[in-house]
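# Summary of structural features
Letter by letter, the chains look like this.
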Amino acid sequence: MRTDYIPQVLRLLQETYARQQETLQTAATWIADALANDGVLYVFGASHAGIITEELTYRAGGLVPVSPIFIPGLTCDVRPLPLTSALERIDGYALAAVKHIPISPSDVVLVHSVSGRNAAPVEVALHAKQQGAKVIALTSLDYSQSVSPRSGTGYRLFEVADLVIDNGAPRGDAVVHLAGFPQPVAPVSTVLGAALVNAIVAEACAILLERGITPPVFMSANLDGGDAHNAKLMERYRGRVLYL
């Protein structure tokens, strides 16, 4: 191949894992604590950052009590799609929606934003903290620290979270540089973020098992017995997981 995208992803993932192991362990412990106390994991991201929310939601091998925060206009199915960029910058827009979500002190809220500068992720994080939940930010510190806040709060996401996971993505996200072409191509935050959050979920499940608690994990619906297995677990969380 002419480009080095895969080697760059592997390098960044290895570097990020080596640097963030203690933080990932803390995140997994918080989530295990929440689930052991019958809490749930809320997840939010605006626009493409919301792909991590989708990755964790209703996922074979993933946790059942993951409640996605999908705010109208901030998901990639909106048209015109550039509307997501405009709405996530408007002060008060995300707050008006998240105020209706029953976040409690027994819950953990994971907020994903690569730049962390826009109003939406900051407002979700601040509101969750006000409700007493632990807030985990998944962001790029190199990127976020290089830009100014767009939120009227004056904060970036990493400045308001209880725990910050640095995904290792560079400023601007893209990593492949082509000769004679000034704009880098091929972003890495999604693949890095998906690997990190699934590593956290796996570790949280291991912690629960060590405590004698069976982790509430989805089975693939395409395996025999999967529908019955999943229906039983989903019934337990109906009314608290937002899509059930």
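Check the entry above for the structure.
Below: a short report on this structure. (Residues numbered from 1 in each chain as written. Predicted model: local features only at pLDDT ≥ 70, side-chain atom pairs only at ≥ 80, totals over all residues. Heavy atoms only, no water.)

## Considerations on helix H5 (residues 119–130)
Relative to the 16 Å expected for twelve residues at 1.5 Å per residue, H5 spans 16 Å between its end C-alpha atoms, a close match to the ideal helical length. Burial within H5 is extensive, with nine of its twelve residues counted as buried. When we look at burial in H5, the residues that qualify are Ala119, Ala120, Pro121, Val122, Glu123, Val124, Ala125, His127 and Ala128. Among the structural elements, strand E1 (41–45), helix H4 (93–98), strand E3 (108–112), strand E4 (134–139) and helix H7 (157–160) are those in contact with the buried residues of H5. Positioned one or two residues after H5, Gly132 has a phi angle of 90 degrees, which is positive. (Helix = DSSP H or I, 4+ residues; strand = E, 2+ residues; numbered from the N terminus. Expected span 1.5 Å × (residues − 1). Buried < 20%, exposed > 50% of the residue type's maximum accessible area, 1.4 Å probe, protein only. Contact = heavy atoms within 4.5 Å.)

## Comments concerning empty space enclosed by the protein
The rolling of a water-molecule-sized probe over the atoms marks out the regions of remaining empty space. Under the counting rule described, the total for this entry stands at one cavity of 30 Å³ or more. The space that makes up the largest cavity amounts to roughly 50 Å³. The element that contributes the greatest number of residues to the lining of the largest cavity is helix H8 (residues 189–210), accounting for three residues. Split into classes, the residues belonging to the lining of the largest cavity amount to ten nonpolar, no polar and no charged. (1 Å grid on protein atoms, 1.4 Å probe; cavity = no way out; pocket = protein on both sides within 12 Å on 5 of 7 lines; lining within 4 Å. Points joined across faces, edges and corners; volume = space filled by probe spheres on them. Nonpolar A, V, L, I, M, F, W, Y, C, P; charged D, E, K, R; others polar.)

## Focus: the packing of helix H1 (residues 5–36) against H8
It is the contact of H1 with H8, at a shortest axis distance of 7 Å, that shows an interaxial angle of 35 degrees. Viewed along their axes, H1 and H8 form a crossing whose handedness is right-handed. When the residues that make up the contact of H1 with H8 are grouped by side-chain class, the tally is 19 nonpolar, three polar and one charged. (Axes fitted to C-alpha atoms, helices over the stretch in contact; angles between N-to-C directions. Left-handed = near helix turned anticlockwise from the far one by under 90°.)

## Some details on the side chain of Thr16
As for its placement among the helices and strands, Thr16 is situated in helix H1. The exposure class of Thr16 is buried, given its relative accessible area of 2%. For Thr16, the contacting residues outside a window of four places in its chain are Asp166, Asn167, Gly168 and Leu196.

## A look at the environment of Asn230
Here Asn230 lies in helix H9 (residues 226–237). For the pair Asn230 and Arg150, spaced 80 residues apart in sequence, the C-alpha to C-alpha distance is 41 Å.

## Points about the pairing of strand E6 (residues 174–178)
For E6 and strand E7 (residues 181–187), the ladder comprises three bridges, and the chain directions are antiparallel. Within the sheet, the bridge partner assigned to Val176 lies in E7 and is Val185. Between E6 and E7, which pair antiparallel in sequence order, lie two residues; one of them, Gly180, sits at a positive phi of approximately 80 degrees. (Pairing = 2+ DSSP bridges.)

## Points about the pairing of E4
Most of E4 sits out of view: five of its six residues are buried. Judged from the five bridges that link them, E3 and E4 form a sheet pairing that is parallel. Note on E4: the bridge partner recorded for His112 is Leu138. Note that the unit made of E3, H5 and E4 has a crossover that is right-handed. The pairing of E4 with strand E5 (residues 163–166) spans four bridges and is classified as parallel. Counterpart to Leu138 in the pairing with E5 is Ile165. (Right-handed = clockwise from strand over helix to strand, strands pointing away.)

## A few points about H1
In this model H1 runs just 40 Å from its N-terminal to its C-terminal C-alpha over 32 residues, more than 12% under the 46 Å that 1.5 Å per residue would give. Its axis deflected by about 70 degrees at Gln20, H1 carries its strongest bend there. One or two residues past the end of H1 sits Asp38, with phi positive at roughly 65 degrees. (Bend = angle between axes of the 7 residues up to and from the residue.)

## Concerning the pattern of salt bridges
As enumerated under the stated definition, the model contains ten salt bridges in all. Between Glu15 and Arg11 there is a salt bridge whose closest N-O contact spans 3.3 Å. Residue Glu15 and its partner Arg11 are located together in helix H1, separated by four residues, close to a single helical turn. Among the residues examined, Glu15 registers a relative accessible area of 38% and is labelled partly exposed. Assessed through its relative accessible area of 36%, Arg11 is described here as partly exposed. Salt-bridge contacts for Glu159 lead to Arg156; the nearest nitrogen and oxygen are separated by 3.1 Å. Through salt bridges with shared partners, a single ionic network connects Asp38, Arg236 and Arg240. (Salt bridge = Lys/Arg side-chain N within 4 Å of Asp/Glu carboxyl O.)

## Section: unusual backbone geometry
Put simply, Arg79 and Pro80 share a cis peptide bond, and its omega is 0 degrees. Along the chain, Pro80 turns up in the loop between strand E2 (66–68) and helix H3 (83–87). Although it is not a glycine, Tyr58 sits at a positive phi angle of roughly 50 degrees. When you line up the elements, Tyr58 lands in the loop between helix H2 (50–56) and E2. For Asp173, which is not glycine, the phi torsion reads 80 degrees and is therefore positive. One can find Asp173 in the loop between E5 and E6.

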